[in-house]
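Remarks on the overall topology
In case you want the letters, here they are:
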Amino acid sequence: NPTTVISYQLTMLSHVRLKVYDLLGREEATLVDEEKTPGYYTVLFNGQNCASGNYFYKITAGNIELVKKMTLIK
């Protein structure tokens, strides 16, 4: 199953960007790029068109950035 759910929570109104990158830093997908109100969110990433392997996703909300690793296995 090439899909996964990425969850995040906001405590204030923020412009959120959520992008997926391969190991070479090439952008594979933009999942979110918009203003969001405070709350809990989930985003579905479908890696059907991506090769199996390791990827990173980066979420930016206001002045906070978080990078996490994920492994895609088909």
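Residues numbered from 1 in each chain as written. Predicted model: local features only at pLDDT ≥ 70, side-chain atom pairs only at ≥ 80, totals over all residues. Heavy atoms only, no water.

A short note on the overall build of the chain
Scanning the chain from N- to C-terminus turns up zero helices and six strands. In the chain, the succession of helices and strands from N to C terminus is β-β-β-β-β-β. Taken over the C-alpha trace, the chain has a radius of gyration of 12 Å; the compact-globule value for 74 residues is 11 Å, and the two agree within 12%. Seen along its three principal axes, the alpha-carbon backbone of the chain occupies a region of about 35 × 25 × 15 Å. (Helix = DSSP H or I, 4+ residues; strand = E, 2+ residues; numbered from the N terminus. Rg over C-alpha atoms; globule rule 2.2 N^0.38 Å.)

Some words on the packing of aromatic side chains
Inspection of every chain in the model, using the stated rule, returns one aromatic pair. Seen in terms of ring centroids, Tyr8 and Tyr41 are 5.4 Å apart; in terms of plane orientation they differ by 20°. Their pairing is stacked. Of this pair, Tyr8 sits in strand 1 (residues 3-10) while Tyr41 sits in strand 4 (residues 39-46); the two residues are 33 residues apart in sequence, bridging distant segments of the chain. With a relative accessible area of 8%, Tyr8 lands in the buried category. (Phe/Tyr/Trp six-rings, centres within 6.5 Å; stacked < 30°, edge-to-face > 60°. Buried < 20%, exposed > 50% of the residue type's maximum accessible area, 1.4 Å probe, protein only.)

Digging into the pairing of strand 3 (residues 27-36)
Residues in a regular strand point their side chains to alternate faces of the sheet. In terms of strand pairing, strand 2 (residues 14-22) meets strand 3 through eight bridges, oriented antiparallel. Bridging across to strand 3, Ser14 finds its partner in Lys36. Connecting the antiparallel pair strand 2 and strand 3 is a turn made up of four residues, with Gly25 showing a positive phi of about 85°. (Pairing = 2+ DSSP bridges.)

Description of the layout of surface pockets
In this structure, the largest pocket encloses a volume near 310 Å³. Residue lining of the largest pocket: 18 residues in total, with Gln9, Leu10, Ile59, Ala61 and Ile64 positioned closest to the centre. Elements with a contribution of two residues or more to the lining of the largest pocket: strand 1, strand 2, strand 5 (53-61) and strand 6 (64-72). Top contributing element to the lining of the largest pocket by residue count: strand 1, with five residues. Each residue belonging to the lining of the largest pocket can be placed in one class, and the counts come to 10 nonpolar, seven polar and one charged. (1 Å grid on protein atoms, 1.4 Å probe; cavity = no way out; pocket = protein on both sides within 12 Å on 5 of 7 lines; lining within 4 Å. Points joined across faces, edges and corners; volume = space filled by probe spheres on them. Nonpolar A, V, L, I, M, F, W, Y, C, P; charged D, E, K, R; others polar.)

Some details on the side chain of Lys36
Considering the arrangement of structural elements, one finds Lys36 in strand 3. Not counting the four nearest positions on each side in its chain, Lys36 is found in contact with Tyr8, Leu10, Met12, Leu13, Ser14, Val16 and Tyr41. (Contact = heavy atoms within 4.5 Å.)

What to know about the nonpolar core
Here is a general trend for soluble globular proteins: nonpolar side chains tend to be buried in one another's company. Ranked by internal contacts, the top residues of the largest apolar core, which has 18 residues, are Tyr8, Val16, Leu18, Val20 and Phe45. Looking at this core, the elements that each hand over two or more residues are strand 1, strand 2, strand 3, strand 4, strand 5 and strand 6. Counting residues per element, this core draws most heavily on strand 5, which supplies four residues. Setting aside its immediate chain neighbours within four residues, Val16 contacts Tyr8, Leu10, Val32, Asp33, Glu34, Lys36, Ile59, Thr60 and Ala61. (Core = buried A, V, L, I, M, F, W, Y, C linked by side-chain atoms within 4.5 Å.)

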